[in-house]
Amino acid sequence: MPHVLALDQGTTSSRAIVFDDSGLGLAMAQREIQQIFPRPGWVEHDPLEIWDSQLATAREALARAGLTASDVAALGITNQRETTLVWDRATGLPLTNAIVWQDRRTADACERLKRAGLDPLFRERTGLVLDPYFSGTKLAWILNHVPGARAAAAAGRLAFGTVDSWLLWKLTGGPDGGRHATDVTNASRTLLWNLHTAAWDEELLAAFDIPIEMLPEVLSSSEVYGETVPALLGSPIPIAGIAGDQQAALFGQACLAPGMVKNTYGTGCFLLMNTGERLTPSRHELLTTPAWRLGGRTDYALEGSVFVAGAVVQWLRDGLGIIRSAGEIEALAASVPDAGGIVLVPAFTGLGAPHWDAYARGALVGITRGTTAAHIARAALEGIAFQVADVLTAMEADSGLPTAELRVDGGATVNNLLMQIQADLMGVPVVRPRVQETTALGAAYLAGLATGVWKDTAEISARWQVERTFEPALDPGRAAEKRARWRRAVERARSWEKIGEEEALP
C-alpha cells in the first residue's frame, strides 16, 4: 500500500501526517513553535526552529505509523503563507527571524505606495491589495533594516522564500545543492508575481528595490521538485506537492468545481471560492489568486482573509482568563441565549477582507452592567462568524456564483455552536467533513497525483465524505439585523491607530 507524508508548517505549530492511499491519516506528530513579539504589531518566528520542529515531526510521524522512508511514495509540503524568510545560500543560516504574515510593521510603507498611486498597478497585476499581510513589503523591510542585507543581496548571497521554499531547500540539501523553488500558489502571495504573465514582475520588484536573483524558481503545485537527502529520513523520498495552506485545504476539501467554497478556521479564517480557469478580478476588496497549477492548467480562486479567528479564543484564555482551555468556550457561550447586545470586533492586528484596514483595532461595544463572561464568549464566536459572512457575501457578488454550501475545516470546527452560528448568519448549510486535516490532505493529494498514488482529481473527489451538516435555523430577518449591528461596530474599530496618531500631533 503506498503512503504519502505531508508536512504542514503552520503559524503556531509544525505537523506531519502520514496518509494511506484511501486518504485516511495513519499517524500524526505535532510541535508548537514560539511566537515572538518584538514590538506591538510585530510577529516573528525562528526559521531554525521551524526547520528543526518540522524535521522532528516527520521522523516521529513515520515512527508512529510503523513505517520507514522507503514505504513512502511521496512527500507534500503545505505552509503558512506570506511569512517571509531570508537566508545565506553558503552557510544555510537565516539572516534574521522570519516575519510572519500577521506582522503589521510595514503598514506605513504600504500607505506610501498607495499615496504614490501604485495600488491599482499592484491590484491589476497581482490580484492582491497593498497590505502588510503580503511578503513583498516584508522582504523590502529586511533589506532596508538588517545591516549588510542589501550588499549581500546584490552580491547574490541571499535567498528569499516563504516557508515552503525554506523547507524544500533544507530537505534537498541546503547549501549542498538544495533546490530553491516554490509553487505558483505561494509565489502569488508576494506582491511580486504577475498573474497574467505567470512570472516575477520586474516593475513590481523595482518598486520595492528587490533583486530578482533572490527569488525562487516557480513551479506547478504537483510535480517532483527533488528528493529528500537520505540522511534526514533514512532514504530519499520524492518531494512532489507544494501549496500554500489555504489552497491545499481547498484541494483537500475537494472543492474542484467553480462555485465551491471552503473556510478554514485556524489562527485566522480563510475563505476560498474556486472560480475555475477564470481569473476573476474583485470589486469588493477580495483577492484573486491561483488555486493550484496541475500540469499546464491553472485554476483560480477568490479569497478573503480574516486575520483573527481562533486567536480570539486564545485571547479569552490567555489575556482575559475567562476560560482555562479553548474547549471551554462552547459551553460558556451556550449558557446564554445570545450575546446580550454586545459585539466583539476582533481586529487585534487590523481588519482583512473586505475592509483591509491595517489601522483597525479590536473593539467590544454595547457593554452594560448586565454583561457577563458568557456574553463575551458568545460575542467572540459571533465575531468570528460575522467576519466570515462578510467575506462570503463579497465572494458571491464578485463571482456571480451562489453558494450552495460552505465546507469547513480547522481546529475551531469542533465547536458545534460556532458552526451553527455560522450557518444561521449566512443562510447556507455548513458542512464538516470526516477528515478534518484537509490542509495536510491537500498537500498529500498533490504529491500523490504527481507520483501515481492517485490517478486523477475524480478519484480525489470520490474520497470526500460528510461528518455533519449544520442547517440554517435563524430567521433571515433576524440574521440581517444582527449583521447590521455588526457593521456599526466595525465602523467604530476602523482606523483606530491612525486616528490616535493624528490626535497626538501638536
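Residues numbered from 1 in each chain as written. Predicted model: local features only at pLDDT ≥ 70, side-chain atom pairs only at ≥ 80, totals over all residues. Heavy atoms only, no water.

Chemist: Any chance you could break down the side chain of glutamine 246 for me, citing the residues and the numbers?
Modeler: Note on placement: glutamine 246 falls in helix H10 (residues 245-252). Accessibility expressed as a relative area gives 3% for glutamine 246, which makes it buried. Non-local contacts of glutamine 246, meaning those with residues more than four positions away in its chain, are made with Arg81, Lys262, Thr264, Phe270 and Leu272. (Helix = DSSP H or I, 4+ residues; strand = E, 2+ residues; numbered from the N terminus. Buried < 20%, exposed > 50% of the residue type's maximum accessible area, 1.4 Å probe, protein only. Contact = heavy atoms within 4.5 Å.)

Chemist: Give a detailed account of unusual backbone geometry, specifying residues and quantitative values.
Modeler: The omega torsion of the bond from alanine 353 to proline 354 falls at -5 degrees, within 30 degrees of zero and hence cis. Mapping proline 354 onto the fold places it in the loop between strand S19 (343-345) and strand S20 (363-365). A positive phi angle is found at leucine 191, which is not glycine, with a value near 70 degrees. For leucine 191, the position within the fold is in the loop between helix H7 (184-187) and strand S10 (193-194). Residue classification places leucine 191 among the buried positions, given a relative accessible area of 0%.

Chemist: Can you explain the packing of aromatic side chains? Please cite residues and give values.
Modeler: We describe a pair of aromatic rings using the distance from one ring centre to the other and the angle between the two ring planes. For the coordinates displayed, the defined rule picks out 17 aromatic pairs. Considering the side-chain rings of tryptophan 166 and tryptophan 169, the 6.3 Å spacing of their centres and the 20 degrees angle between planes classify their relative orientation as stacked. Pair noted here: tryptophan 166 and tryptophan 169 are both in helix H6 (residues 163-171), with a separation of three residues, about one helical turn. You can call tryptophan 166 buried: its relative accessible area is 0%. Among the aromatic residues, those joined into a ring-pair cluster are Trp101, Tyr133, Phe134, Phe270, Phe307 and Trp356. (Phe/Tyr/Trp six-rings, centres within 6.5 Å; stacked < 30°, edge-to-face > 60°.)

Chemist: Tell me about the sheet that holds strand S14 (residues 238-244), residues and numbers included.
Modeler: Ordered in space as S3-S2-S1-S5-S14-S13, the six strands form an open sheet in which the pairing is mixed. For this open sheet the edge positions go to strand S3 (25-32) and strand S13 (222-227), each flanked by a neighbour on one side alone. On average, each strand axis in the sheet is tilted by 25 degrees relative to the strand beside it, whichever way the strands run. Pairing of S13 with S14 involves three bridges; the strand directions are antiparallel. Bridge pairing in S14 links glycine 226 to isoleucine 239. Across the sheet, helix H1 (residues 47-65) touches strand S1 (3-9), strand S2 (13-20), S3 and strand S5 (72-79), and the angle it forms with S3 is around 150 degrees. Packed on one face of the sheet, H6 meets S1, S5, S13 and S14 and runs near 145 degrees to S5. (Pairing = 2+ DSSP bridges. Axes fitted to C-alpha atoms, helices over the stretch in contact; angles between N-to-C directions.)

Chemist: Describe the environment of glutamate 285, listing the residues and the values that go with them.
Modeler: As for its position among the elements, glutamate 285 is in the loop between strand S16 (269-276) and strand S17 (287-294). Between the C-alpha atoms of glutamate 285 and glycine 304, which are 19 residues apart in sequence, the distance is 8.3 Å. In contact with glutamate 285, other than residues within four places in its own chain, are Arg123, Val129, Ala353, Pro354 and Trp356. Only 2.9 Å separates the side chain of glutamate 285 from the side chain of arginine 123, close enough to count as a polar contact. (Polar contact = N/O pair within 3.5 Å; in protein donor to acceptor, adjacent residues only side chain to side chain.)

Chemist: With reference to specific residues and values, describe the environment of alanine 140.
Modeler: Note on placement: alanine 140 falls in helix H4 (residues 135-145). Alanine 140 gets classed as buried once you look at its relative accessible area, which sits at 8%. Taking the C-alpha atoms as reference points, alanine 140 and leucine 392, 252 residues apart in sequence, are found 32 Å from one another. Once residues lying within four places of it in the same chain are set aside, the contact partners of alanine 140 are Arg150, Phe208 and Ile210.

Chemist: Outline the packing of helix H13 (residues 373-399) against helix H17 (residues 476-493), listing residues and values.
Modeler: Running from N to C, H13 and H17 cross one another at 100 degrees; their axes reach a closest spacing of 11 Å. On the basis of the axis angle, H13 is roughly perpendicular to H17. Across the interface between the two elements, Glu382, Gly383, Phe386, Gln387, Ala389, Asp390 and Thr393 of H13 pack against Lys482, Arg483 and Trp486 of H17. Across the contact of H13 with H17, the residue classes break down as three nonpolar, three polar and four charged. (Parallel < 35°, antiparallel > 145°, perpendicular 65-115°, else oblique. Nonpolar A, V, L, I, M, F, W, Y, C, P; charged D, E, K, R; others polar.)

Chemist: I'd like a rundown of the pattern of salt bridges, residues and numbers included.
Modeler: Evaluated as defined, the whole model comprises 29 salt bridges. The closest approach of N and O atoms between glutamate 437 and arginine 15, which form a salt bridge, is 2.6 Å. Of the two residues, glutamate 437 sits in the loop between strand S22 (430-433) and helix H15 (438-451) while arginine 15 sits in strand S2, which places them 422 residues apart along the sequence. By relative accessible area, which is 14% here, arginine 15 ends up buried. Across the salt bridge formed by glutamate 285 and arginine 123, the nearest N and O atoms sit 2.9 Å from each other. Highlighted residues: glutamate 285 in the loop between S16 and S17 and arginine 123 in helix H3 (residues 119-126), separated in sequence by 162 residues. Taken together, the shared-partner salt bridges in this structure form one network comprising Arg81, Glu82, Arg189, Asp245 and Glu303. (Salt bridge = Lys/Arg side-chain N within 4 Å of Asp/Glu carboxyl O.)

Chemist: Go over the sheet that holds strand S18 (residues 297-306) with me, naming the residues and quoting the values.
Modeler: Here seven strands make up an open sheet; going across it, the order is S17-S18-S16-S15-S21-S22-S23 and the pairing mixed. Lying at the two open borders of the sheet, with one neighbouring strand each, are S17 and strand S23 (466-470). In this sheet, neighbouring strand axes are inclined to one another by 30 degrees on average, regardless of whether the strands run parallel or antiparallel. One ladder, built from seven bridges, connects S17 with S18; its direction is antiparallel. Bridge pairing in S18 links threonine 289 to alanine 301. Against the sheet, helix H14 (residues 416-426) touches strand S15 (261-265), strand S21 (406-409), S22 and S23, its axis set at about 145 degrees to S22.

Chemist: Quick one: what's the story with H14, residue by residue and with numbers?
Modeler: Summarising burial for H14: nine of the 11 residues are buried, a large majority. Capping of H14 at its N-terminal end is provided by asparagine 415; its side-chain oxygen lies 3.1 Å from the backbone amide nitrogen of leucine 417. In the stretch just after H14, glycine 427 is the one whose phi turns positive, near 75 degrees.

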